[in-house]
Amino acid sequence: MRKQKRTGLRYSRDNWFTCVDTAVLADKNISLTAKCVFTVLCMSAGFGRRSLIPNDEEVAELAGISVRTLRNAYRELESQSLIFPYDGRIIINGHNAACYCEEDDD
């Protein structure tokens, strides 16, 4: 039997899927850039998590954008109440889905 593991901000070929709230993806009031950043945050939060301590350079690289554009996307997501900064972390609001990845059982 294989079990889930957290992947963190690093991309892994073992990480085949990321679950993202469809309401975010379907919202016409959220820019494509912000949706992409939200998706990267969901992926980076990992299994069973609603928060992460992001590294702006890594998140921007995964999203294919500049750090300045990333910070603008953070402001947009925060204004839509989708993320909240808290004590150096980003809390993903309402995100129950997880990044699915398998790891050998011990």
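Residues numbered from 1 in each chain as written. Predicted model: local features only at pLDDT ≥ 70, side-chain atom pairs only at ≥ 80, totals over all residues. Heavy atoms only, no water.

*Asks:* I'd like a description of the nonpolar core, backed by residues and values.
*Replies:* Burial of nonpolar side chains together is a common tendency in soluble globular proteins. Core analysis: the largest hydrophobic core is formed by 22 residues, its most contacted members being Val37, Phe38, Leu41, Tyr74, Leu77, Ile83 and Ile92. Looking at this core, the elements that each hand over two or more residues are helix H2 (32-45), helix H3 (56-63), helix H4 (67-79) and strand S5 (89-92). Here this core takes 7 residues from H2, the largest share from any one element. Those residues within four positions of Ile92 in sequence are excluded, and the remaining contacts are Phe38, Leu41, Cys42, Ala45, Arg50, Leu52 and Leu82. (Core = buried A, V, L, I, M, F, W, Y, C linked by side-chain atoms within 4.5 Å. Buried < 20%, exposed > 50% of the residue type's maximum accessible area, 1.4 Å probe, protein only. Helix = DSSP H or I, 4+ residues; strand = E, 2+ residues; numbered from the N terminus. Contact = heavy atoms within 4.5 Å.)

*Asks:* I'd love a proper account of the packing of H3 against H4, names of residues and values included.
*Replies:* Angle between the axes and distance between the axes: these two values describe a pair of packed helices. Two elements in contact, H3 and H4, have axes whose closest approach is 9 Å; the angle formed by their N-to-C orientations is 95 degrees. What the angle tells us is that H3 and H4 run roughly perpendicular. Two secondary-structure elements touch here, H3 through Asp56, Glu57, Val59 and Ala60 and H4 through Val67, Leu70, Arg71 and Tyr74. Broken down by class, the residue content of the contact of H3 with H4 amounts to 5 nonpolar, no polar and 3 charged. (Axes fitted to C-alpha atoms, helices over the stretch in contact; angles between N-to-C directions. Parallel < 35°, antiparallel > 145°, perpendicular 65-115°, else oblique. Nonpolar A, V, L, I, M, F, W, Y, C, P; charged D, E, K, R; others polar.)

*Asks:* If you had to explain the pairing of strand S4 (residues 83-86) to someone new, which residues and values would you point to?
*Replies:* Here S4 runs beside S5; their pairing, made up of 4 bridges, is antiparallel. Within S5, the residue paired with Pro85 across the bridge is Ile90. Here S4 hands over to S5 after 2 residues, with Asp87 in that stretch at a positive phi of 55 degrees. (Pairing = 2+ DSSP bridges.)

*Asks:* Give me the lowdown on the packing of H2 against H3, citing residues and values where you can.
*Replies:* For the pair H2 and H3, interaxial distance at closest approach is 9 Å and the crossing angle is 120 degrees. Like other packed secondary-structure pairs, H2 and H3 cross with a definite hand, here right-handed. Contacts from Cys36, Val37, Val40, Leu41, Met43 and Ser44 in H2 reach Val59, Leu62 and Ala63 in H3. Tallied by class, the residues present in the contact of H2 with H3 amount to 8 nonpolar, 1 polar and no charged. (Left-handed = near helix turned anticlockwise from the far one by under 90°.)

*Asks:* Help me get a handle on the pattern of salt bridges, residues and values and all.
*Replies:* Counted under the stated rule, the structure contains 1 salt bridge. Residue Arg71 pairs with Asp56 through a salt bridge whose shortest N-O separation is 3.2 Å. Pair noted here: Arg71 is in helix H4 and Asp56 is in helix H3, with a separation of 15 residues, a long-range link. With relative accessibility at 41%, the residue Arg71 sits in the partly exposed group. (Salt bridge = Lys/Arg side-chain N within 4 Å of Asp/Glu carboxyl O.)

*Asks:* Before we move on, can you summarise the sheet that holds strand S3 (residues 51-52) with the specific residues and values?
*Replies:* Neighbouring strands of a sheet are bound in pairs by backbone hydrogen bonds; such pairs are parallel or else antiparallel. Reading across the sheet, the 3 strands line up as S3-S5-S4 and stay open at both edges, with antiparallel pairing between neighbours. Looking along the sheet, the strands with just one partner apiece sit at the ends: S3 and S4. Where S3 and S5 come together, 2 bridges link them in antiparallel fashion. Counterpart to Leu52 in the pairing with S5 is Ile90. Of the strands in this sheet, S3, S4 and S5 touch H2, which is tilted by about 105 degrees from S5.

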